[in-house]
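Structure assessment
Here is what each chain is made of, one letter per residue.
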Amino acid sequence: MSQLTDEINKRRTFAIISHPDAGKTTLTEKLLLFGGAIHVAGAVKSNKIKKTATSDWMEIEKQRGISVATSVMGFNYRDHKVNILDTPGHQDFAEDTFRTLTAVDSVIIVIDCAKGVELQTRRLMEVCRMRHTPVIVYINKLDREGKDPFDLLDEVEEELKIKVRPLSWPIDMGQRFRGVYNIYEKGLNLFTPNKQQVTDRIAITDLESGELEKHIDPAQAGKLRADLELVEGVYPEFDRESYLKGEVAPVFFGSALNNFGVKELLDCFIDIAPSPCPIMAEERKIDPYEEPFTGFVFKIHANMDPNHRSSIAFVKICSGRFERNKNYKHVRMNKLMRFSSPTAFMAQQKEIVDEAYAGDIVGLPDTGNFRIGDTLTEGEELHFRGLPSFSPEQFKYIENADPMKAKQLAKGIDQLMGEGVAQLFVNEFNGRKIIGTVGQLQFEVIQYRLLHEYAAQCRWEPINLYKACWIESEDLAQLEAFKKRKAQFMAKDISGRDVYLADSGYVLSMAQQDFPKIKFHFTSEF
């Protein structure tokens, strides 16, 4: 087996998704703890421990205790290279999460055992289903009272429309929580509520022997045997093929905050999760084991380092090997570029890498050359699709609140919009800048980041708009007539494309009737 094949087979790239507060960031942190990537877990919300979660490092995330940008982290575990993408759960940032799902090979969904399946989880699962992404479910917070495990499994099947197969089973919950029985490895894991230590594992292959009673209450042992018998009776044997096709989701139970049930999840994940999968480009299917390097930008993050005002473009490597200082072709700009300091991430700590392989995520310093969706190759003309920008639903004028800082504001807006956090439209009628977002929280994040990262103050002014739609037409006369009639509602996006800002649903449907030859698009991809 060649070195390339060997390296690619070791890669496991996945995203962790959930509803806010289900414990996604905590789980990410505990996985890093097992990978030896961090040594002490910081309790995210506790004021006693001043270390905040490793993956939430933007100031606003620390203040609010939520993740607003996808973080990328890598670590080595059992001779595999694991890349985790921790995504924001808050629905105002769903677009960032949808984009991240285009860069991963599998997904772990975290569900709170008391709340069950929530709205945001359902929407994210739809994206996984569309792409046939394999999914593992981790049911969290068993150290608190929650729903019955069988009810939870039924709910997952019904709400997420996927078959499940438990690979571990909880012994009671809340105050009486004693641990989990690992069905996958046939062992008992006993729970000691200690956030820093990892629990011991007791191998019990024969459940009928009296061994269980030595460790747990006889009543709990009896219930565990009955539950497991029911599990084996109701759910088919675990079959890796149907997991890889996205038809069955293995389920694990645990408490991420208490470091419990996480190692079983990670061990099983390393065994069964897919190594990098082929990706469809517009021109052809890209196989990860091809020699030539190809990759695409799925995320841009401004100001990773506030001292240097630079952006970083995150590139998912689709095939081959990426090398530092080698010339690669930037397909959209049709020019060769070389990168002297590509980086790999451990949350905020980044290190320069000399090479990376298919499945890895590398950060390239960006001085404004990249947009989301850009492709890099060794010369081949390739385009990757499926990186949506949705039509925004909330709009505000952005105005400069400090005339002395006009330059900083312009630069800040420019870099933040390049990240795809929100969309900028410039009204052609009066030249005013309009920011469109998917949710209200993004306006606060933008204002906060402009102030703290660019020392620029902005002020929001209300504007009454219903939808932004990209328009195009083969009938140029009709397009011109439309632009004349709607002159004060016409704008350009950052790529200079025509955007119509409709002020109500009625006006939009009338426009669609009056101008049948114009196509109205509600995502930026067409």
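The numbers attached to residues start from 1 for each chain and follow its sequence in the written order. Per-residue local features of the predicted model are confined to residues with pLDDT of at least 70, and side-chain atom pairs are confined, for both listing and counting, to 80 or more; whole-chain, interface and lining totals are unaffected and use all residues. Side-chain numbers come from the whole structure's heavy atoms, not from hydrogens or water.

Section: the overall build of the chain
Helix and strand content of the chain: 14 helices and 31 strands. Only protein chains enter the area calculation, which uses a 1.4 Å probe; residues under 20% of their type maximum are buried, those over 50% are exposed, and those in between are partly exposed. Per-residue burial over the chain gives 57% buried out of 526 residues. Throughout, a residue-residue contact means that at least one pair of heavy atoms, one from each residue, lies within 4.5 Å. Considering only intrachain contacts with a sequence separation of at least 6, the fraction spanning at least 24 residues in the chain is 71%. Numbering goes from the N terminus for both helices and strands, where a helix is a DSSP run of H or I of at least four residues and a strand is a run of E of at least two.

Observations concerning the pattern of salt bridges
Criterion for a salt bridge: a side-chain nitrogen of Lys or Arg within 4 Å of a carboxyl oxygen of Asp or Glu. Taken as a whole and judged by the stated rule, the model has 34 salt bridges. Between glutamate 461 and arginine 432 there is a salt bridge, and its shortest N-O distance comes to 2.8 Å. A residue pair is termed long-range when its members are at least 10 positions apart, and glutamate 461 in strand E27 (residues 458-462) and arginine 432 in the loop between strand E25 (423-427) and strand E26 (433-437) qualify at 29 residues. Arginine 432 sits in the partly exposed class, given a relative accessible area of 26%.

So, the packing of helix H11 (residues 406-418) against helix H12 (residues 441-454)
The geometry of a pair of packed helices is captured by two quantities: the angle between their axes and the separation between those axes. Lines fitted to the C-alpha atoms define the axes, with helices restricted to the stretch that makes contact. Angles between their N-to-C directions range from 0 to 180 degrees. As a packed pair, H11 and H12 sit with axes 10 Å apart at the nearest point and diverge in direction by 125°. One element, H11, and the other, H12, form an angle in the oblique class. Along this stretch, H11 crosses H12, giving a crossing that reads as right-handed. The segment H11 lies against H12, with Gln408, Leu409, Lys411, Gly412, Ile413, Gln415, Leu416 and Met417 engaging Ile446, Arg449, Leu450 and Tyr454. Oblique is the label for any angle not under 35 degrees, not over 145, and not in the 65 to 115 range, which are roughly parallel, roughly antiparallel and roughly perpendicular in turn. For any helix crossing, the convention is left-handed if the near helix is rotated counterclockwise from the far helix by under a right angle, and right-handed if that rotation is clockwise.

A short note on a negative patch on the surface
Only residues above 30% relative accessible area that lack a salt bridge enter a patch, with like-charged residues linked at up to 9 Å and the nonpolar side chains Val, Leu, Ile, Met, Phe, Trp and Tyr linked at up to 5 Å. Per-residue accessibility takes into account occlusion by the displayed protein chains alone, with areas from the Shrake-Rupley method and a 1.4 Å probe. We count Lys and Arg on the positive side and Asp and Glu on the negative side, and we leave His and both chain ends out. In plain terms, the charge of a residue is placed at NZ if it is Lys, CZ if Arg, CG if Asp and CD if Glu. On the surface, Asp148, Asp151, Asp154 and Glu158 cluster together into a negatively charged patch. Structurally, the position occupied by aspartate 148 is in the loop between strand E5 (135-140) and helix H6 (149-160). Looking at aspartate 148, the relative accessible area reads 33%, which means it is partly exposed.

Details of helix H10 (residues 262-272)
Extensive coverage of H10 is indicated by the burial of nine of its 11 residues. Inspection of H10 places Val262, Glu264, Leu265, Leu266, Asp267, Cys268, Phe269, Ile270 and Ile272 among the buried residues, and these make up the whole buried set.

Some details on the pairing of strand E30 (residues 498-502)
Counting buried residues along E30, five of its five residues qualify, which places the element largely inside the surrounding structure. Across the two faces of E30 the burial is the same, with Asp498, Tyr500 and Ala502 and Val499 and Leu501 all buried. Only strands joined by at least two bridges in the DSSP assignment are considered to pair. In this sheet, E30 lies alongside strand E28 (residues 467-473) in antiparallel orientation, the contact comprising four bridges. Considered in E30, the bridge of tryptophan 470 is made with valine 499. Where strand E29 (residues 490-492) lies against E30, three bridges are found, and the strand directions are antiparallel. When the bridges of E30 are listed, lysine 492 appears paired with aspartate 498.

Some thoughts on the sheet that holds strand E31 (residues 518-521)
The strands making up a sheet associate through hydrogen bonds between their backbones, and the pairing can be parallel or antiparallel. Overall, antiparallel pairing links the eight strands, which are arranged E27-E24-E26-E25-E29-E30-E28-E31 in an open sheet. Looking along the sheet, the strands with just one partner apiece sit at the ends: E27 and E31. In this sheet, adjacent strand axes meet at a mean angle of 40° when their direction is disregarded. When E28 meets E31, the two strands line up antiparallel, connected through four bridges. Bridge pairing in E31 places tryptophan 470 opposite histidine 521.

What about the packing of aromatic side chains?
Stacked, edge-to-face and tilted are the three classes for Phe, Tyr and Trp ring pairs, Trp counted by its six-membered ring, which pair at centre distances within 6.5 Å; planes under 30 degrees apart are stacked, over 60 edge-to-face, the rest tilted. In this structure the tally under the stated criterion is 16 aromatic pairs. Between phenylalanine 150 and tryptophan 169, the aromatic rings sit 4.7 Å apart at their centres with planes inclined by 45°, giving tilted as the arrangement. Here tryptophan 169 lies in strand E7 (residues 168-171) and phenylalanine 150 lies in helix H6, a separation of 19 residues in the sequence. For the pair tyrosine 500 and phenylalanine 520, a centre-to-centre distance of 6.3 Å together with 65° between the ring planes defines the contact as edge-to-face.

Here's the deal with helix H5 (residues 119-131)
To estimate how far a helix should extend, the number of its residues minus one is multiplied by 1.5 Å. Taking 1.5 Å of rise per residue, the 13 residues of H5 would be expected to cover 18 Å, and the 19 Å separating its terminal C-alpha atoms lies within 8% of that figure. All buried positions along H5 are accounted for by Gln120, Thr121, Leu124, Met125, Val127 and Cys128. Buried positions in H5, seen along its axis, are confined to an arc of 155° and lie on one side of it. Looking one or two places after H5, you find histidine 132, whose phi comes out positive at around 55°. What the arc measures is the spread of directions leading from the helix axis to the C-beta atoms.

Read these as layout, nothing more, since geometry by itself doesn't imply function.
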